[in-house]
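Here is how the chains run, residue by residue.
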2 protein chains.
Amino acid sequence: MSSTDLLPIGEVAKTSGISVSAVRYYEEIGVISSATRVGGKRRFDPATIGRVSFIRRAQEAGFSLEEIGTILDDETGIWRVLVDDKLIELTERKDRLETMISMLAEIRECGCGAVAACPLVTTS
Amino acid sequence: MSSTDLLPIGEVAKTSGISVSAVRYYEEIGVISSATRVGGKRRFDPATIGRVSFIRRAQEAGFSLEEIGTILDDETGIWRVLVDDKLIELTERKDRLETMISMLAEIRECGCGAVAACPLVTTS
DNA sequence: CTACGACCTCAAGCCAACTTGAGGTCAAGG
DNA sequence: CCTTGACCTCAAGTTGGCTTGAGGTCGTAG
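Residues numbered from 1 in each chain as written. Chains lettered and ligands numbered in written order. Predicted model: local features only at pLDDT ≥ 70, side-chain atom pairs only at ≥ 80, totals over all residues. Heavy atoms only, no water.

S.K.: Residue-level account of the protein's contact with DNA strand C, with values.
M.R.: Taken together, 17 residues lie around DNA strand C, and S19, S21 and Q59 of chain A together with R24 and R42 of chain B are the ones closest in. Near-protein atoms of DNA strand C (within 4 Å) split between backbone and bases, with sugar and phosphate holding 79%. Contacts to DNA strand C include Q59 of chain A, whose side-chain N or O atom sits 2.6 Å from a phosphate oxygen. Within the side chain of R42 of chain B, one N or O atom sits 2.8 Å away from a phosphate oxygen of DNA strand C. In terms of residues, the surface near DNA strand C owes the most to one element, helix α2 (residues 20-29) of chain A, which gives 4 residues. (Near = heavy atom within 4 Å. Polar contact = N/O pair within 3.5 Å; in protein donor to acceptor, adjacent residues only side chain to side chain. Helix = DSSP H or I, 4+ residues; strand = E, 2+ residues; numbered from the N terminus.)

Take a look at the structure:
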């Protein structure tokens, strides 16, 4: 493992599609591990890329950075419980999303001039 | 329509399950219509209840209050376009959610000690 | 009389997740 | 030699969606 495979912050940012400041922020709050410094500058383990990608997808799914940190770094196996809980939550969310989608589709087709006046809205 | 069927703020809050301050906030930003005042106190149209319920579900689905306001009050029919866009977005979100759900389920079962070390995370 | 509860206004505070700004180091290039 | 660009730190600002606090008005009940 020569130091040449360690990435500068700009590289991490670019390849994972987030800003440099966001990478620094992630490091600061500990959701990615603290980079080694070479002449004061951060050098990241390439695995950071995968980790950031996981973080983004988890955020997409509605996890907070704190939850993500907990899940990623847990050594005790408790994370499985957290994930179970989250799976339930996500499934419920998915269901509500589906309900909303079909409701919107219905409203879309109902011929109302304005949504505010639609009986599907006022009587729910 | 006697003034007796107009609701005080506490009633709106209680029956729609949100706080009094949230109702005031909604009125302030215009996402529910400004209540008439009787002796300085707000009296709301009962339809507000349905509207608030729609607002909450829309928020659940990921709409911002600004978007909700736009959709609710549009008179021009443009809201159908907005809803179309949102339907696409929601569907994409639902798909990502499903992906995340199965990924988490997979990680849950993969026998790793820690998520951070799971190849499903590091190689994505 | 006074205390209570429901209401009012206006300003400020809070949280997450970042971004922005000021001010500085360092190496490479024209 | 001077500029440019990538990096650094630390503090403060931003946005959305509310909540909280201070200070005040009513009307009813004890």
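So, next bit.
S.K.: Summarise the relation of the copies chain A and chain B; cite the residues concerned and give the values.
M.R.: At an RMSD of 0.2 Å, chain A and chain B line up after a rotation of 180 degrees and a shift of 0.0 Å along the axis. The operation mapping one copy onto its partner corresponds to a two-fold rotation axis. For chain A, the smallest separation between a C-alpha atom and the rotation axis is recorded for K94 of chain A, amounting to 3.1 Å. With an isologous cut-off of 70% or more, the 100% of interface residues of chain A that recur at the interface of chain B puts this contact in the isologous class. (Least-squares fit on C-alpha atoms with pLDDT ≥ 70 in both. Contact = heavy atoms within 4.5 Å.)

S.K.: Go over the packing of helix α4 (residues 65-73) of chain B against helix α5 (residues 78-109) of chain B, please, and point to the residues and values.
M.R.: Residues and elements named next belong to chain B. Two elements in contact, α4 and α5, have axes separated by 8 Å at closest approach and are oriented at 140 degrees. Considering their axes alone, α4 and α5 lie oblique with respect to each other. Remark: the crossing between α4 and α5 carries left-handed chirality. Of α5, the residues touching α4 (which contributes E67, T70 and I71) are W79, L82, V83 and K86. Class assignment for the residues of the contact of α4 with α5 results in 4 nonpolar, 1 polar and 2 charged. (Axes fitted to C-alpha atoms, helices over the stretch in contact; angles between N-to-C directions. Parallel < 35°, antiparallel > 145°, perpendicular 65-115°, else oblique. Left-handed = near helix turned anticlockwise from the far one by under 90°. Nonpolar A, V, L, I, M, F, W, Y, C, P; charged D, E, K, R; others polar.)

S.K.: How would you explain the side chain of R42 of chain A if you had to name every residue and give the values?
M.R.: Position of R42 of chain A among the secondary structure elements: in strand β3 (residues 41-44). Apart from the residues lying within four places of it in its own chain, the contact partners of R42 of chain A are L7, P8, I9, R24, E27, A35, T36 and R37 of chain A.

S.K.: How would you summarise the protein's contact with DNA strand D if you had to cite specific residues and measurements?
M.R.: The environment of DNA strand D is formed by 17 residues, the closest being R24 and R42 of chain A together with S19, S21 and Q59 of chain B. Taken together, the sugar and phosphate atoms account for 78% of what DNA strand D places within 4 Å of the protein. A distance of 3.3 Å separates a phosphate oxygen of DNA strand D from a polar backbone atom of L65 of chain B. At the level of elements, α1 (9-16) and β3 of chain A together with α2 (20-28) and α3 (47-60) of chain B are the ones that each hand at least two residues to the surface near DNA strand D. Per-element tally for the surface near DNA strand D: the top contributor is α2 of chain B, with 4 residues. Residue classes in the surface near DNA strand D are distributed as 6 nonpolar, 6 polar and 5 charged.

S.K.: Tell me what's going on with the sheet that holds strand β1 (residues 7-8) of chain A, and back it up with residues and numbers.
M.R.: All names here are of chain A. Taken in spatial order, the 3 strands of this open sheet run β1-β3-β2, and their pairing is antiparallel. One side of each edge strand has no neighbouring strand; the edge strands of this open sheet are β1 and β2 (36-38). Here β2 pairs with β3 via 3 bridges, running antiparallel. When the bridges of β3 are listed, V38 appears paired with K41. (Pairing = 2+ DSSP bridges.)

S.K.: Provide a residue-level description of the domain arrangement of chain A, including the pertinent values.
M.R.: Residues and elements named next belong to chain A. According to the domain assignment, chain A consists of domain 1 (1-73) and domain 2 (76-124). A straight line from the C-alpha centre of domain 1 to that of domain 2 covers 32 Å. Taken together, the contact pairs 6 residues of domain 1 with 6 residues of domain 2. When domain 1 packs against domain 2, the two sides together hide about 500 Å² of surface, and 67% of this comes from carbon and sulfur. When the buried area of domain 1 at its contact with domain 2 is split by residue, A61, F63 and I71 rank highest and sum to 71% of it. When its residues are assigned to classes, the side of domain 1 that touches domain 2 shows 3 nonpolar, 2 polar and 1 charged. (Domains from an automatic or database assignment. Buried area = accessible area lost by both parts, 1.4 Å probe.)

S.K.: Give me the interface of chain A and chain B: which residues, what numbers.
M.R.: Contact residues are listed per partner, giving 43 residues for chain A and 43 residues for chain B. The tally of links between chain A and chain B comes to 4 salt bridges. Between D84 of chain A and R108 of chain B there is a salt bridge, and its shortest N-O distance comes to 2.8 Å. Summed over the shared surface of chain A and chain B, the number is 6 residue pairs in polar contact (both at pLDDT 80 or more). Element by element, the count of residues in the side of chain A that touches chain B is highest for helix α5 (residues 79-109) of chain A, at 20 residues. For the side of chain A that touches chain B, the residue count by class is 22 nonpolar, 7 polar and 14 charged. (Salt bridge = Lys/Arg side-chain N within 4 Å of Asp/Glu carboxyl O.)

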